Amino acid sequence: AGDFPFWLAPTQLRLLPVSDDYRPYCDAAVARLKAAGIRAEVDPGGRSVGKQIKVANQDKVPILSVVGEAEVGANALKLEMRKGGELGELPLERAIEVLAAAAEKAVEPIEAL
């Protein structure tokens, strides 16, 4: 796959649950992200978080979010850009706003914060 900018990437965001306990939250978050026009998916699981991160980087997914107890408890996503570091932890609604604005304006999400 090509190394596309965020707004052109076939998958813009991949959620990486630390265990299957957090998959329902990830599925609900992806449904809300997709409703806002973000091309998001949940990692299919069955492997360690480190392996999930490695696969997401190999797949050249521009943004990933490791989802665990802290994120679920805060109803938030901690967004990390494959190139350029972290966007930090944002409430889910704010993350959706930022990512949707970045996709609409054809800019990287850090520019839409």
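Residues numbered from 1 in each chain as written. Predicted model: local features only at pLDDT ≥ 70, side-chain atom pairs only at ≥ 80, totals over all residues. Heavy atoms only, no water.

Draft legend 1. Representation of the side chain of Glu 71. Structurally, Glu 71 can be placed in helix α3 (residues 69–74). Lys 78 is the oppositely charged side chain nearest to the buried, salt-bridge-free Glu 71, at an N-O distance of 6.1 Å. Aside from chain neighbours lying at most four places away, what touches Glu 71 is Tyr 25, Val 66, Ala 76, Lys 78 and Glu 89. (Helix = DSSP H or I, 4+ residues; strand = E, 2+ residues; numbered from the N terminus. Buried < 20%, exposed > 50% of the residue type's maximum accessible area, 1.4 Å probe, protein only. Lys, Arg positive; Asp, Glu negative; His and termini not counted. Salt bridge = Lys/Arg side-chain N within 4 Å of Asp/Glu carboxyl O. Contact = heavy atoms within 4.5 Å.)

Draft legend 2. The nonpolar core, seen in detail. In this structure, Leu 13, Leu 15, Leu 33, Ile 63, Leu 77, Leu 79 and Leu 99 are the most contacted members of the largest nonpolar core, which totals 27 residues. Elements represented by at least two residues in this core include exactly β1 (13–17), α1 (23–35), β2 (40–42), β3 (63–67), β4 (76–81), β5 (85–91) and α4 (92–105). For this core, the leading source of residues is α4, giving 6 residues. The residues contacting Leu 33, other than those within four sequence positions of it, are Leu 13, Ile 38, Ala 40, Leu 77, Ile 96 and Leu 99. (Core = buried A, V, L, I, M, F, W, Y, C linked by side-chain atoms within 4.5 Å.)

Draft legend 3. Molecular detail of the side chain of Gln 12. With respect to the helices and strands, Gln 12 occurs in the segment before β1. Sequence-distant contacts of Gln 12, defined by excluding residues within four places in its chain, comprise Phe 6, Trp 7, Gly 37, Ile 38, Arg 39, Val 61, Pro 62, Ile 63 and Ala 103.

Draft legend 4. Up close: the sheet that holds β4. On the basis of which strands lie adjacent, the open sheet formed by 5 strands has the order β2-β1-β3-β4-β5 and mixed pairing. With partners counted over all chains shown, the strands left at the sheet margins are β2 and β5, one partner each. Direction aside, the axes of adjacent strands within the sheet are offset by 25 degrees on average. As paired strands, β1 and β2 are joined by 3 bridges and run parallel to one another. Paired with Arg 14 across the bridge in β2 is Glu 41. Across the sheet, α1 is in contact with β1, β2, β3 and β4; its angle to β2 comes to roughly 170 degrees. Running over the sheet, α4 touches β1, β3, β4 and β5 and is turned about 130 degrees from β5. (Pairing = 2+ DSSP bridges. Axes fitted to C-alpha atoms, helices over the stretch in contact; angles between N-to-C directions.)

Draft legend 5. Spotlight on unusual backbone geometry. Phi is positive for Asn 75, which is not a glycine, with a value near 50 degrees. Tracing the backbone shows Asn 75 in the loop between α3 and β4. Given the relative accessible area of 35%, Asn 75 is considered partly exposed. The phi torsion at Ala 106 lies on the positive side, around 55 degrees, for a residue other than glycine. Among the structural elements, Ala 106 can be located in the loop between α4 and α5 (109–112).

These figures come from the coordinates and say nothing about function on their own.
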